[in-house]
Structure formats: structure tokens, C-alpha cells
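Chain residues, written in single-letter form:
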Amino acid sequence: MARVVLGVTGGIAAFKSVTLLRLLTKAGHDVRVVPTQSALRMVGAPTFQALSRNPVHTSVFDDVTTAEHVRLGQTADLVVVAPATADLLARARSGRADDLLTATLLVATCPVVFAPAMHTEMWQHPATRENVSVLRERGVHIIEPDSGALAGDDTGPGRLPEPEAIFAALKPHLNADAEPRPGPLRGAQFVVSAGGTREAIDPVRFLGNRSSGRQGIAIARAAAAAGAHVTLVAANVEDALLAGLRGVDIENVSTAAELETAMNVHAGSADVLVMAAAVADYRPAAAGEHKLKKNGDEGMVLRLEQTPDILAGLVANRRSGQVIVGFAAETGDEQTAAIEHARAKARRKQADLLVFNEVSATAGFGAVPNAVVILDSDGTDVSAAAGTKDEVGTAVVAEIARRCGEVSSAPEGTH
Ligand code: CTP
């Protein structure tokens, strides 16, 4: 159980904070809601009080006997502000303490997460961009707003993500043993997909692939050992393979669509995203509601439609400082060696790193050793590794840690 301060500011999305509050209390956390005065024009204090079972104050003068304006921040394990308006970002950036929420933010030494929500113009204004960038430099975690319908007629970036997505992004900060382990990825939020997706043909059959998930699991294990907070998004991975994983949050998914949703939810807060899962490129255009019957000599035609390219979506929305890694399992053909296919893919996909392995009878799938070449977005060799999947996983994570170091020391805008 963690002590959570939930700050709520006066955006139209304040109503979503009620669901977030429920998710936090249902998970057993002790939540103190600290709304701003404007937030109380959107949601009433009794709602927050009843759902949190804690008093709700807005001003530093509300409970002077207990010096609440310092105590809340000092004793919190996590402070999250959702929604965070442009005004709150500006006040937090300049260190104001003119209400209980900003005073709490000034005292807090625990992780602080902001989920900004505002009109697109406000979000894109240089003042807000600068406030976000300064807050990030100070270690505040920012959950990127979604793009979508906003208050009024406009649409665009600035929409508060759904409470479930915010809750998922808070999870790494809510673990009882959340104290990051020392290591090159200390405290980094690391999300890796593993396994292979399954696309339903009918209630009993699916289109799948031979990926076991072992390489992705080895990467998750190596990242946890390097000090990262790791989430493994596991697509149809055998329970036995997951059983030995320690210190890793596991989310099970099955289809490409579910995997895409899970990765996009994490993309707002992850420092590293690794797409090691084998994603179906095509799925049945319409899964049969009933078990398909044999069709005799006529045969059967299954119409397939393309699935979304999840990696491409992550790259297109990459946040500054985020490191994205793809995989490419290739075979050579008469004209082109496997590695040349991988170099072309690296240039096409524009992930920071692409981990290439040649699929053959002796390397690639299952419990066999692996050999990889890590390429950059130009298709140039960065390094190579061979051995067990754990050895390869450790080498891949070492390369990611190096890349994270370069990215975090690069000036804004060069990534
Ligand atoms: N990938 C993805 N979404 C898809 C397909 C692939 O995110 N629908 C990711 C994989 O997880 C992997 C990378 O993209 O990290 C390369 O996968 P691969 O299947 O080799 O790439 P494709 O784009 O499908 O290329 P190809 O034309 O060779 O099938």
C-alpha cells in the first residue's frame, strides 16, 4: 500500500480523476485528494471525500494545526496530478506555493507524475513546452496527453488519457519494492513485448507464429537486473516461462490489437520500448462467430486484412529522450543476404536500434541459442552478440543502456 496524493486541477477532464481515485483506492492505496479551487467547480469535495475516505482541503490555511501543507508532501510515496492544467504546470515550474497542491509539490521528494490536459494551442505554446521541459529535467514524470476531442469543438493533442492508462503508468511507482536497484538503467521505465500474437479465425482456431517469447523474457530479466522498472507485455507466452521472472510486471495480451493498445498505453511514460514480439502482419478480416465447417473439395478462402504496424506507430509518436528498439528475424534468399534485408528494415522502421537475427534450423526460435547483430537507424552495425538467450538479452540491454546515456546527455531536439 502506498500513500498517494492525487492533485486535481480545474480542467474539464477533472471528472476522470474520480475514476482514477477509485482505481487507486481499489488497489489498496491510501489516497489524499488535493484539488485546486477551480477543480472544485468541476467535481465537488464530497465526492472526493467519500471515495477517498479522507478529508479534502485546498488551502494551506485549511488545517494549520498539523502543518498539512508540508506533511502531505513529506509523507507521500507518490504525487500524481491529473489533470494538470497549463496553469498548474506554470506554477509548479516557478515554485509557487499559493495553494495546498503547489505547496505539497514543493515539499515532495517522492516521484511526481503529471498528466497534463488542455487545449492544443496551450499544450503547444512555447511557454508550456518550456515548463514541461524544465519539469522533466527536474525529474517530474509527464504522461503525454492523448490526441482527440477536447472541450468545445476542437480536436488535437491535449486530451487527458483514460484513467486506466494513467493508472497503468503509475504502477511502477506504486510497487512496495519500488526502490530502484542500482545499475545502468536505474529507475528507467522499460517496456518489452514478447511472444507471438494470435488472430482468431473462429472460436477454436487462430493464425499464430512460432515465437516462444524467450528472447523478450531474457531482455526483461536483463533490464530488471540493470535496475529498470520492467513491464513485460506477453503475447501467448507459456506460464512456465514466465514463472521464474522476478521484479517484472507482466501483462498478458493475445491479439495484435491488444498488444498495440498495451504498448500505446505505456508509450506515454516509458523511457525504453522494445518490440520483441512477433506480431501477425495479417488477421482474418472477420473472425467467424461459429466454428467453421469443412467445405469438401471446394477448399476455403480466408480473407485477411493487415494489422497495424505497432513499432511504426511507437516511432511516429516517440517522445524526446525515449529509446525504441525493434527486432527483425530474417531469412536470406537467392538475391539478398538476410542481414541486407535487416539493414533495409532498420532504415525503413527508424527505431533507435534494430536487433537482427537470422532464422535458420539452428538459431532463432525456441530454446536454441541465438546470434544477433544490433543495427542503428541507418542500418549500420552497432554491435553483435551470440550465445544463450540470456547472454544475448544482456548484450542487447547493455546497448540500450548506452543509447539511453547518449540520448539523456544530448541537447534537446537532437534526438
Ligand atoms: N512489428 C510490429 N507490428 C507489426 C509487425 C511487426 O510492431 N504489425 C514489429 C516487430 O515486433 C519487430 C519489427 O516490427 O520489432 C519487425 O517485424 P517484422 O515482422 O520483421 O517486420 P515487418 O514490418 O512485418 O516486415 P516484413 O515485410 O519483413 O514482414
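Cut-offs applied
- Residues numbered from 1 in each chain as written.
- Predicted model: local features only at pLDDT ≥ 70, side-chain atom pairs only at ≥ 80, totals over all residues.
- Heavy atoms only, no water.
- Helix = DSSP H or I, 4+ residues; strand = E, 2+ residues; numbered from the N terminus.
- Rg over C-alpha atoms; globule rule 2.2 N^0.38 Å.
- Buried < 20%, exposed > 50% of the residue type's maximum accessible area, 1.4 Å probe, protein only.
- Contact = heavy atoms within 4.5 Å.
- Areas by Shrake-Rupley, 256 points an atom, 1.4 Å probe, with all protein chains shown as cover.
- Lys, Arg positive; Asp, Glu negative; His and termini not counted.
- Charge placed at Lys NZ, Arg CZ, Asp CG, Glu CD.
- Core = buried A, V, L, I, M, F, W, Y, C linked by side-chain atoms within 4.5 Å.
- Near = heavy atom within 4 Å.
- Polar contact = N/O pair within 3.5 Å; in protein donor to acceptor, adjacent residues only side chain to side chain.
- Nonpolar A, V, L, I, M, F, W, Y, C, P; charged D, E, K, R; others polar.
- Axes fitted to C-alpha atoms, helices over the stretch in contact; angles between N-to-C directions.
- Parallel < 35°, antiparallel > 145°, perpendicular 65-115°, else oblique.
- Left-handed = near helix turned anticlockwise from the far one by under 90°.

Here we look at the overall build of the chain
No. 1: Each helix and strand in the chain was counted, giving 15 helices and 19 strands.
No. 2: A compact globule built from 415 residues should have a C-alpha radius of gyration of about 22 Å, and the chain, at 23 Å, falls within 12% of that.
No. 3: Considered along the principal axes of its C-alpha atoms, the chain spans approximately 80 × 50 × 40 Å.
No. 4: Across the 415 residues of the chain, 49% fall into the buried class.
No. 5: Looking at the chain alone, contacts between residues at least 24 apart form 68% of all its contacts between residues at least 6 apart.
No. 6: Surface exposure of the chain reaches about 19600 Å², of which carbon and sulfur atoms provide 51%.
No. 7: Taking the average location of the 39 positive side-chain charges in the chain and that of its 48 negative ones, the two points are 4 Å from each other.

A closer look at unusual backbone geometry
No. 1: Between alanine 82 and the following residue, proline 83, the backbone shows a cis peptide bond with an omega angle of -5°.
No. 2: Inspection of the secondary structure puts proline 83 in strand β3 (residues 78–84).
No. 3: For arginine 53, which is not a glycine, the phi torsion comes out positive at approximately 55°.
No. 4: Considering the arrangement of structural elements, one finds arginine 53 in the loop between α3 (45–52) and α4 (68–75).
No. 5: Although it is not a glycine, asparagine 236 adopts a positive phi angle of roughly 55°.
No. 6: In this structure, asparagine 236 sits in the loop between β11 (229–235) and α11 (239–243).

Topic: the nonpolar core
No. 1: Within the largest apolar cluster, 37 residues are counted, with the highest numbers of intra-cluster contacts made by Leu185, Phe190, Val192, Val230, Leu232 and Ile400.
No. 2: Those residues in contact with leucine 185 that lie beyond four places of it in its chain are Phe190, Ala226, Gly227, Ala228, Val397, Ala401 and Cys404.
No. 3: Among the nonpolar cores identified, the runner-up in size contains 30 residues, and Val8, Leu24, Val33 and Leu78 belong to it.

Focus: the environment of threonine 128
No. 1: Tracing the backbone through its elements, the reader meets threonine 128 in helix α8 (residues 126–137).
No. 2: The exposure class of threonine 128 is buried, given its relative accessible area of 6%.
No. 3: Separated by 42 residues in the primary sequence, threonine 128 and alanine 86 place their C-alpha atoms 6.5 Å from one another.
No. 4: Apart from the residues lying within four places of it in its own chain, the contact partners of threonine 128 are Ala86, Leu89, Met118, Met122 and Trp123.

Points about the site of the ligand
No. 1: Taken together, 14 residues are adjacent to the ligand, and Met275, Ala277, Leu311, Lys345 and Lys349 come closest.
No. 2: Within the backbone of proline 308, an N or O atom sits 2.9 Å from a nitrogen atom of the ligand.
No. 3: Measuring from an oxygen atom of the ligand, one finds a backbone N or O atom of leucine 311 at 2.7 Å.
No. 4: For the ligand, whose accessible area on its own is 570 Å², the fraction buried by protein is 76%.
No. 5: Within the residue set of the shell around the ligand, elements represented by two or more residues are α13 (310–316), β16 (323–330) and α14 (338–349).
No. 6: Residue composition of the shell around the ligand, by class: 8 nonpolar, 2 polar and 4 charged.

Points about the packing of helix α5 (residues 86–93) against helix α6 (residues 100–107)
No. 1: At a minimum axis separation of 10 Å, α5 and α6 run at an interaxial angle of 45°. In this view, α5 runs oblique relative to α6, as classed from their interaxial angle. In this structure, α5 meets α6 at a crossing whose hand is right-handed. In this structure, α5 contributes Leu88, Arg91 and Ala92 to the contact, and α6 contributes Leu101, Thr102 and Leu105.

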